[in-house]
Amino acid sequence: MANTANVPFNTRLRRIVRRNNRMVHGTALTMKRDGLIVAQPRIYNPRFPLRGLLLLISVAFLFKGYIYAELGARDYNARVAAMSEGAMIEQAGGWLMAADPATVIVGNFLRELLR
């Protein structure tokens with residue numbers, strides 16, 4: 001009998017705690033018609049780290065270009081071809097390390113810069 005009396009209280013308490021936990025990500029203040037200002041939880045939408053992805057791609061092209069500049073075109077392509085004949089993971093690495101136009105441009109620039 002004591003448990004049935006606390007059911008509405010526990011339900012309200014759970015709702016208040018859940019709403020308070022959602023307010024961790026920020027609140028938006030709104031005014032109701034009667035002039036009461038109420039804080040409502042902001043919807044949390046995590047954003048994709050686009051800047052980090054662009055930085056990672058840039059560093060990867062610089063790395064490929066540096067290796068291309070150090071080894072030279074012939075040796076680089078020979079090593080990539082040898083890598084492409086290996087296991088599945090090596091084939092994926094060979095595909096990623098293939099000399100594309102951006103790699104060649106960066107490699108030629110770094111070759112001139114490192115001389």
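Keep in mind the model is a prediction, meaning the values are calculated, not measured.

So, how was this worked out
Residues numbered from 1 in each chain as written. Predicted model: local features only at pLDDT ≥ 70, side-chain atom pairs only at ≥ 80, totals over all residues. Heavy atoms only, no water. Axes fitted to C-alpha atoms, helices over the stretch in contact; angles between N-to-C directions. Helix = DSSP H or I, 4+ residues; strand = E, 2+ residues; numbered from the N terminus. Parallel < 35°, antiparallel > 145°, perpendicular 65-115°, else oblique. Left-handed = near helix turned anticlockwise from the far one by under 90°. Contact = heavy atoms within 4.5 Å. Nonpolar A, V, L, I, M, F, W, Y, C, P; charged D, E, K, R; others polar. Patch = residues over 30% accessible without salt bridge, like charges linked within 9 Å, V, L, I, M, F, W, Y side chains within 5 Å. Areas by Shrake-Rupley, 256 points an atom, 1.4 Å probe, with all protein chains shown as cover. Salt bridge = Lys/Arg side-chain N within 4 Å of Asp/Glu carboxyl O. Buried < 20%, exposed > 50% of the residue type's maximum accessible area, 1.4 Å probe, protein only. Pairing = 2+ DSSP bridges. Expected span 1.5 Å × (residues − 1). Arc of directions from axis to C-beta.

A. Representation of the packing of helix H3 (residues 50-71) against helix H6 (residues 101-114) within the structure. The N-to-C vectors of H3 and H6 enclose an angle of 60°; their axes lie 7 Å apart at closest approach. Relative to H6, the element H3 is oriented oblique. Considering the relative orientation of H3 and H6, their crossing is right-handed. From H3, Phe61, Leu62, Lys64, Gly65, Tyr66, Tyr68, Ala69 and Glu70 reach across to H6, where they touch Ala102, Thr103, Val104, Val106, Gly107, Asn108, Leu110, Arg111 and Leu114. Among the residues making up the contact of H3 with H6, the classes are represented as 10 nonpolar, four polar and three charged.

B. Up close: a nonpolar patch on the surface. Together, Phe48, Leu50, Leu53, Leu54, Leu56 and Ile57 make up a nonpolar patch on the protein surface, roughly 610 Å² of accessible area in all. Mapped onto the elements of the fold, Ile57 is located in helix H3. Classification of Ile57 by relative accessible area gives partly exposed; the value is 41%.

C. Structural context of the pairing of strand S2 (residues 37-41). Note: strand S1 (residues 27-31) against S2, five bridges, orientation antiparallel. Following the sheet pairing, Thr27 is matched in S2 by Pro41. Between S1 and S2, which follow one another and run antiparallel, lie five residues, and Gly35 among them has a positive phi close to 95°.

D. Layout of the pattern of salt bridges. By the definition in use, this model includes two salt bridges. Among the salt bridges present, the one from Asp100 reaches Lys64, with a minimum N-O distance of 3.4 Å. Residue Asp100 is found in the loop between helix H5 (88-96) and H6, and its partner Lys64 is found in helix H3; the two are separated by 36 residues along the sequence. Overall, the relative accessible area of 24% leaves Asp100 in the partly exposed class. Take Lys64: its relative accessible area is 7%, and that puts it in the buried class. The partner of Arg79 in a salt bridge is Asp75, and the shortest N-O contact between them spans 3.5 Å. Of the two residues, Arg79 and Asp75 are both situated in helix H4 (residues 73-84); the distance of four residues between them amounts to about one turn of the helix.

E. Summary view of H3. Over its 22 residues, H3 extends 32 Å from the first C-alpha to the last, a length consistent with the 32 Å expected when each residue adds 1.5 Å. Among the residues of H3, those classed as buried are Lys64, Gly65, Tyr68 and Ala69. Considered in projection along H3, the buried side chains sweep an arc of 135° and stay on one side of the axis. Along H3, exposed side chains directed more than 90 degrees from the buried face belong to Leu55 and Leu56. Buried residues along H3 sit against H4, H5 and H6. Immediately downstream of H3, the backbone of Gly72 shows phi near 95°, a positive value.

F. Molecular detail of the environment of Val7. Its place among the elements puts Val7 in helix H2 (residues 7-22). Distance in space between the C-alpha atoms of Val7 and Ala87 is 62 Å, their sequence separation being 80 residues.

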